[in-house]
Amino acid sequence: MRIKCPYCGERGNDEFSYLGDASVKRPDPSAADASDAFYAFAYERKNVAGPMQELWYHAAGCHAWLVVTRDTRTHEISDVKPAQDVALEQQKTASAP
Amino acid sequence: MTQSQSFRVAGLGLVDRAQPLDFTFDGVPYTGFAGDTLASALLANGVHLVGRSFKYHRPRGILTAGSEEPNALVELRSGARREPNTRATVTELYSGLDAKSQNRFPSLSLDLLSINGLLSPVFSAGFYYKTFMWPASFWEKLYEPMIRRAAGLGRAADAPDPDIYDKANAFCDVLVIGSGPAGLMAALTAARSGAKVILVDENFAFGGRLISDWRTIEGKSGSEWVNSVVTELASLPNVRLMPRTTVFGAYDTGTFGAVERVADHVAVPGPGQPRQTLWHIVAKQSIVAQGSMERPIVFGNNDRPGVMLASAVRSYINRFGVAPGRTAVVFSNNDEAANTIDDLVRAGVTVAALVDTRPMLPPAIKAKARKHGIRVFEGAAVTDAVGGQRVSGARIAAAYGSINNIVCDLIAVSGGFNPNLQVTTHLGGRPQWQESLAAFVPGTLPKGMSVAGAANGSFSLAACLREGARAGANAAAAGGFNNGSASAPAVEDELTEVSAFWHVDGAKHKAFVDQQNDVTAADVRLAEREGFRSVEHLKRYTTLGMATDQGKTSNVNGLAMMAELTKKSIPATGTTAARPPYVPVSLGVLAGEHRGKHFKPTRLTPSHDWAKEQGAVFIEAGLWLRAQYFPKPGEADWLTTVNREVKTVRSAVGVCDVSTLGKIEVHGTDARKFLDRVYINMMSTLGVGKCRYGMMLREDGIAMDDGTAARFADDRYFITTTTVNAIKVLQHLELCRQWHWPDLDVQLFPVSDQWAQYSVAGPRARDLLAKIVDKPFDISNTAFPYMACAEITALGGIKARIYRLSFSGELAFEIAVPARHGDLLMRKLMSEGKEFGAIPYGTEALGVMRIEKGHVGGSELNGTTTAADLGLGKMASTKKDFVGRVLAQRPGLADPDRPRLIGFRPVDRTARLRGGAHFIGKDDQPIAKNDQGYMTSVTYSPMLGHWVGLGFLARAEARIGEILSAVDPVRGETTLVEVVSSAFYDPEGARLRV
Amino acid sequence: MLSSDRYSIFSVLAEALKGQTGWKPTWRKAAPKPSYDIVIVGGGGHGLATAYYLAKRYGNANVAVIEKGWIGSGNVGRNTTIVRSNYLLPGNIPFYETSMKLWEGLEQDLNYNAMVSQRGVLNLYHSDGQRDAYARRGNAMHLHGVDAELLDLNGVRAMYPWLNYDNARFPIKGGLLQRRGGTVRHDAVAWGYARGADRLGVDIIENAEVTGFRIDGGKIRGVETTRGFIGANKVGLAVAGNSSRVAAMAGLMLPIESHVLQAFVSEGIKPFIDGVVTFGAGHFYISQSDKGGLVFGGDIDGYNSYAQRGNLPVVEDVLEGGMALMPRIGRVRLLRSWGGIMDMSMDGSPIIDQTPVDGLYFNGGWCYGGFKATPASGLCFAHLIARDEPHEVAKAYRLDRFRTGHMIDEKGMGNQPNLH
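Reading the values: the criteria
- Residues numbered from 1 in each chain as written.
- Chains lettered and ligands numbered in written order.
- Predicted model: local features only at pLDDT ≥ 70, side-chain atom pairs only at ≥ 80, totals over all residues.
- Domains from an automatic or database assignment.
- Core = buried A, V, L, I, M, F, W, Y, C linked by C-beta atoms within 7 Å.
- Buried ≥ 20, exposed ≤ 12 C-beta atoms within 10 Å, placed from the backbone.
- Contact = placed C-beta atoms within 7 Å.
- Helix = DSSP H or I, 4+ residues; strand = E, 2+ residues; numbered from the N terminus.
- Nonpolar A, V, L, I, M, F, W, Y, C, P; charged D, E, K, R; others polar.
- Expected span 1.5 Å × (residues − 1).
- Bend = angle between axes of the 7 residues up to and from the residue.
- Pairing = 2+ DSSP bridges.
- Axes fitted to C-alpha atoms, helices over the stretch in contact; angles between N-to-C directions.
- Left-handed = near helix turned anticlockwise from the far one by under 90°.
- Parallel < 35°, antiparallel > 145°, perpendicular 65-115°, else oblique.

> Can you walk me through the domain arrangement of chain B in this structure?
A common way to state how big an interface is: give the accessible area lost once the parts meet. Under the domain assignment used here, chain B contains domain 1 (16-127), domain 2 (165-292 + 419-478), domain 3 (296-415), domain 4 (609-660 + 754-852), domain 5 (661-751) and domain 6 (891-993). Here the C-alpha centroids of domain 2 of chain B and domain 5 of chain B sit 53 Å apart.

Structure below.
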């Protein structure tokens, strides 16, 4: 399996390490329901069979975390973005009126 | 002794008769020619009996001329290079080749275990599931040893493989797998368009069927045409030709695994030459042109030496110039095989009969047979081969039931062709049944893959050439190379009709579906009767298709027979999807050079050579080699050495290489905020020029790593991690930075390898370092107190950093210089330290002193302990959030009864302690319900003069002074221990602040 | 039972005289009835064992096992056949030891030879720290009445004199040996349980895929399948890698990820590896089957997957371990590789528990250790379903343990399933 790192180009998956589902985001620790939210964040997984956004880290490359969209049934990768860009975009959306 | 190659046919074949090669089989010397396989050379010498079958030890010969061979397996080479189960049909003959038959006792022609054949009524499929159950203990003692004695075919070498293996990567626009007519045309067309092409073929000669069948293209013989194409391809700079290379698997994103047999065709690889190379081929487009494999028909005694696939007969005649017999019967259900009579006649073999299962042969074939005076049986079948260790006749049931016994020594059989579509199914594609071909053809293909020629079910030469050219042009065009012409040479279309026929009714003898595993037609019927009807159940119950040939000649027959028994269609019964590898691949090549000392890279610190000069004993710490201790002449054992090192550090000064620590620069205006969020304690309040011990948790509330943070400027911190967690912590921090808090202004720079770092510890540490650091830096206790840090120069202008940190509990410093100066610094520390009695100390003494001080190490940070478990709960700030804070509050982790870290000493001070012992109340039974905790780290304390240990114990703080049993049943020891504070040495910490 | 339905050397010999024509189907090809007391979803080892013990020990044979394909097509048919109970934590040891004891009597209980072969499981260590960690484990096993021996280097050499001792990057220092560990013929486990359950009246329904659950006021009523609706008072899920997909049909989200684990078998060669050997400095473990094939595996590929296949880096990683430990196998050939979908839980330990849906029970999270657990998993799941309370040895396998912080984390890897 090969992943197209936005910074380094296409590389074998052995250069990357995997974290998992990128749809779970670290919750607000000061929220009233923080303990439930952190439980869900750390443990509950949709574990989708199909296209999934997931976090990969280019360990043997540029050290960028990436949000990779990959079909878990076929391993086909349809999109790769720097995780920091995705996270900033999400913050912008969240803070938009 | 036959050495005459009396079955070699003059004027036929591509072998080089000017290059005779000597070889031995079962110790008997023979001669063949360059260009032979072991199988063709054996056949040239009239040797047909080459092996024994797995279960019944039946005599077996050579069925095929390719990698699908189920029977002709030999042990090739000897000693450390012995290769079991090597297919004679693909083994390239070399001078001095030495092969032995397998699975026979005492000899190939007299095999006592062939008695198993007589017991075959008992040894039916799966009989072992029904018996050998009583009594239970007899399984390991009697039944299984008996079964294991009979298991396996060849023997593995009994010494380490002496050869080397290599790995390589290749990238191309178009990968063409197979160099028959379709593959050659595909490669040629794509290459002419300018695309980067790789052409692989598992054979040592390019050409596929074109060098095995008697064909002409553009007025040239098949082999001449192949030579002209290969010559052109070889002349193109954008083409890589890879013969002797098998693509064994298709993997994701256009990655293919391939093995090149670099030196399997010589007796011993040349100096430095790998035996084989594992290629990772990354291809934008791939074309599968692997042709097809012929399948046999299942009839009685169809496994006798002398029964051979018709296509193999043609290969041996046309490619190798060998007649596989003197008198042949051809048994077929298709035109291509029936035409084998041409080749047999050309080779001077008498064709006694053409037996075809079809009621009406095409007139052209019939006429041809008549011309040669060959008896033709239409709508007929060979029910049985006659003969024991060699075919001596064929029993033929004619269309109207009459039985004819015909004398022959060769039965050329063909049940039709299976496209070689395995690689198209490796990524999940399912083959589709095509009734008109009586075969499975490729179904949905992976992205970027196409199939051409016989692999696609297009069996005629014209279609192969056409499809190959088209596939080559399309694949090139997909990569932007549009100037290829997809034209192919025109050839006459031949007859390729086939009529499905799987097995013969009315056989008198055992009829084999899977020859290597001895699965018979009766076994398939038994499987059906017992409900093992899904094709996967059939395989698993009977072992059909599980042998070294992976059922290449048996799967479809078995499937068809099961379909017939269950009155279902073949596709409803199952399919023949395959998994890698396409053919068996040596384990050595998959490992490559990563074995022995090169299993993993070895990381050495900048002063490693110096340590080696001192005679240090090294120990693996992750990928690092670290000095474990520095023995002096005359020291009796490691403990003596370590005790001396500890005592010297605690009384004078010692230097320990701590360069392996993980080191990360944390920069940015938000660095302070960032560190507050990743450490449980406050780092934002750390003053510039100060260090602080810190602990990080995982998000689940468990301790991840400990280390120190040093602040060199408002926006510049430097942190350390433990050696083993260096990579993990960086990855975690990058996740926090990039994903959790992308808006923070913070940057991380891993600098573990950039700094050589040394701990200088002991009462004379300052005296020593005062000689090392450059003026005007003031190293006094007032100017540079405990937990201070500074950027300085040392040794006359070398950039350096100094930290007043202590792991040992002594007055101590860590001094770091750029890695290239590490060796110099170490040497200087030693030479300048002589007057203070300085010594180097290793990881062992480091570990002793940290246990004496009750500091946590890897055994305590074991991934299941919380900060509170480690006695560091109070470090956690309540004024901020940090990673792991929320989930650490879960009841299971916040439970005050969880085992806590505490110290232990033996009640009998002469007793030794053991890591891994469990704590039990001293009067309690050593059973699980009395288990109260476990010992994590132990050491002999030279300062205290007895063993001390750290461990986790429930409600530990309240139990100081209690006596417990430390039970260690795996070492047969029980030791009474006293619960004590974990600060064994200098509990007030007075020594480190001076 | 009829003579040819009771398996023994005598019935085999009797059948040999009549051409093996008298054998009955190993299990009936049952068609679904409108309803059952209990429906078990998943005709793998765990599901079939559950049905068997429900009928045999808990007196309920009004049970159907429904399987989307052919029985045994999941992980019971694609694993490295190892059985052992060499666990560390008190939540696990009694459970796996129960399993081991059931293995030891399985064949006589089922009248089916699954070739339970106790030739020993040896885990090598390469450092003092690893030795002490294994000592802790071995001692924990002893405290639970389980056999374990800590071998030093000579002890390992005596068992396997041909391992790489002299040229190793991480030299072998010793090993933890469980002599009662070993291997079992994996497919036969599914068939043996199927036959046993079938003979007690359980319906085994193949080619019936679950498409949904009928849940009424929080109570399960039955399952929708590709062979129609099947009513049930209780439904148990034992679908391994498909746990999340099936549970989602009942509206549940699980602490599980599906990952692919590859495994490998070599060509058959004359046996020279007696037991199971696990490398302690790489990802490699190996045994040799009674047919002569070297059966080996290593780490999971490490990314979520429902495709029953993996990629080359792990293949190479496994063989690097193999050659580092056993350099004599270099010229033996890899014959087959396959991938199984592992239900990796968030702490590496399984779940056998009730769910928020009344009458719906869950069994999963087996990671790559499900095969050895098969008998105890079946027994404990049957107990839970029949009695509505956890079996004594499976009490720790609660679904809510992650919420309460009572993880059972043998490897200490935390909530990252691909590291367990």
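> Which parts of the structure should I look at to understand the nonpolar core?
Soluble, globular proteins show a tendency: their nonpolar side chains are buried together. Ranked by internal contacts, the top residues of the largest apolar core, which has 460 residues, are Val 330, Ile 411 and Val 760 of chain B. In this view, Ile 411 of chain B contacts Gly 306, Val 307, Val 329, Phe 331, Val 382, Ala 385, Val 391 and Ala 394 of chain B; residues no more than four positions away in its chain are not counted. Grouped together as the second largest cluster of nonpolar side chains are 16 residues, Ala 22, Leu 55 and Ala 87 of chain A together with Trp 739 of chain B included.

> I keep staring at the interface of chain B and chain C and nothing clicks. Help me out?
With 92 residues of chain B at the interface, the matching set in chain C holds 89 residues. By residue number, the principal contributor to the side of chain B that touches chain C is helix 3 (residues 138-150) of chain B, which donates 5 residues. Of the residues in the side of chain B that touches chain C, the class split is 38 nonpolar, 27 polar and 27 charged.

> Would you mind showing me how to read the interface of chain B and chain A here?
The partner chain A presents 24 residues to the 21 residues of chain B that form the contact. Secondary structure elements with two or more residues in the side of chain B that touches chain A: helix 20 (726-740) and helix 24 (885-888) of chain B. Sorting elements by how many residues they give to the side of chain B that touches chain A places helix 20 of chain B first, with 6 residues.

> Help me understand helix 3 of chain B, please; the structure alone is not making it clear to me.
The periodicity of an α-helix, 3.6 residues per turn, causes residues three or four positions apart to be oriented the same way. Residue and element names in this part refer to chain B. With 13 residues, helix 3 should reach 18 Å at 1.5 Å per residue; the first-to-last C-alpha distance of 17 Å fits that figure. At Glu 144, helix 3 is deflected by roughly 40°, the largest bend along its length, and proline Pro 145 occurs up to four residues later in sequence. Of the residues making up helix 3, those classed as buried are Trp 139, Glu 144 and Arg 148. Among the residues trailing helix 3, Gly 152 stands out with phi positive, at a value near 70°.

> How should I be thinking about the sheet that holds strand 2 (residues 28-34) of chain B in this particular structure?
Strands belonging to one sheet form pairs held by backbone hydrogen bonds; the direction of such a pair is parallel or antiparallel. Residue and element names in this part refer to chain B. Overall, mixed pairing links the 5 strands, which are arranged 2-1-7-5-6 in an open sheet. Strands with a single pairing partner mark the edges of an open sheet, and in this sheet they are strand 2 and strand 6 (83-87). Averaged over all pairs of adjacent strands, the angle between their axes in this sheet comes to 40°, without regard to strand direction. Across 3 bridges, strand 1 (residues 16-25) lies against strand 7 (residues 97-101) in parallel orientation. Across the sheet, the residue bridging to Thr 24 is Asp 98, located in strand 7.

> Got a minute to help me understand the packing of helix 4 (residues 181-192) of chain B against helix 5 (residues 222-235) of chain B in this structure?
Packed helices, taken two at a time, are described by their axes: the angle between them and the distance between them. All names here are of chain B. Running from N to C, helix 4 and helix 5 point in directions that differ by 30°, and their axes come no closer than 10 Å. As helix 4 runs across helix 5, the sense of the crossing is left-handed. Of the residues in helix 5, those in contact with Leu 184, Ala 187, Leu 188 and Ala 191 of helix 4 are Val 226, Val 229, Glu 232 and Leu 233.

> Teacher, can you tell me more about the sheet that holds strand 46 (residues 918-921) of chain B here?
Residue and element names in this part refer to chain B. The antiparallel closed barrel is built from 6 strands, whose spatial order is 45-48-47-46-49-50. Strand-to-strand twist in this sheet, taken as the mean axis angle between neighbours without regard to direction, amounts to 45°. Relative to strand 48 (residues 946-954), strand 45 (residues 899-906) is paired through 6 bridges, and the arrangement is antiparallel. Considered in strand 48, the bridge of Ile 902 is made with Gly 951. Strand contacts of helix 23 (residues 843-852): strand 47 (931-941) and strand 48, with the helix running at about 125° to strand 47, the strand carrying the most contacts.

> When you look at the packing of helix 18 (residues 638-651) of chain B against helix 23 of chain B in this model, what are you seeing that I'm missing?
Residue and element names in this part refer to chain B. Helix 23 packs onto helix 18 with a crossing angle of 60° between their chain directions and a minimal axis gap of 9 Å. Between helix 18 and helix 23, the crossing angle belongs to the class labelled oblique. Both helix 18 and helix 23 take part in a crossing whose hand is right-handed. Of the residues in helix 23, those in contact with Val 642, Glu 645, Val 646 and Val 649 of helix 18 are Glu 844, Ala 845, Val 848 and Met 849. Residues belonging to the contact of helix 18 with helix 23 are distributed by class as follows: 6 nonpolar, no polar and 2 charged.

> Any chance you could explain helix 20 of chain B here in plain terms?
End to end, helix 20 of chain B covers 20 Å across 15 residues, agreeing with the expected 21 Å (1.5 Å per residue, within 8%). For helix 20 of chain B, the complete set of buried residues consists of Ala 726, Val 729, Leu 730, His 732, Leu 733, Glu 734, Cys 736, Arg 737, Gln 738 and Trp 739 of chain B.

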